[in-house]
Amino acid sequence: HEGDIVYLEKKKRKYRGAQDFHYVKDGESLYSISQQFGIRVASLAKMNDKSLFAPLKEGERIELK
């Protein structure tokens, strides 16, 4: 959809950026967070003990590293 973030390169298993965590905003999913930070959704789910399609609550802390 127009305005969606799309990560075109192969995503990494681990995030190497400056942030250690991300606070969930309204309407975000593990998939959208993985797109934003360029990390594989399966890796993100495993790090946070979530299922791939688990609903997230606004303000929830998601570990990136």
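Residues numbered from 1 in each chain as written. Predicted model: local features only at pLDDT ≥ 70, side-chain atom pairs only at ≥ 80, totals over all residues. Heavy atoms only, no water.

S.K.: Tell me about a positive patch on the surface, and name the residues and values.
M.R.: Residues K10, K12, R13, K14 and R16 make up a contiguous surface patch of positive charge. One can find R16 in the segment before β1 (21-23). (Patch = residues over 30% accessible without salt bridge, like charges linked within 9 Å, V, L, I, M, F, W, Y side chains within 5 Å. Areas by Shrake-Rupley, 256 points an atom, 1.4 Å probe, with all protein chains shown as cover. Salt bridge = Lys/Arg side-chain N within 4 Å of Asp/Glu carboxyl O. Lys, Arg positive; Asp, Glu negative; His and termini not counted. Charge placed at Lys NZ, Arg CZ, Asp CG, Glu CD. Helix = DSSP H or I, 4+ residues; strand = E, 2+ residues; numbered from the N terminus.)

S.K.: Requested: an account of the pattern of salt bridges, with residues and values cited.
M.R.: One pass over the full model with this rule turns up three salt bridges. The partner of D20 in a salt bridge is K65, and the shortest N-O contact between them spans 3.6 Å. Taken together, the positions of D20 in the segment before β1 and K65 in the segment after β2 (61-63) put the pair 45 residues apart, joining distant regions of the chain. Taking relative accessible area as the criterion, K65 reaches 46% and is therefore assigned partly exposed. The shortest N-O distance in the salt bridge between R61 and E63 comes to 3.0 Å. Exposure remark for E63: the relative accessible area of 27% places this residue in the partly exposed category. (Buried < 20%, exposed > 50% of the residue type's maximum accessible area, 1.4 Å probe, protein only.)

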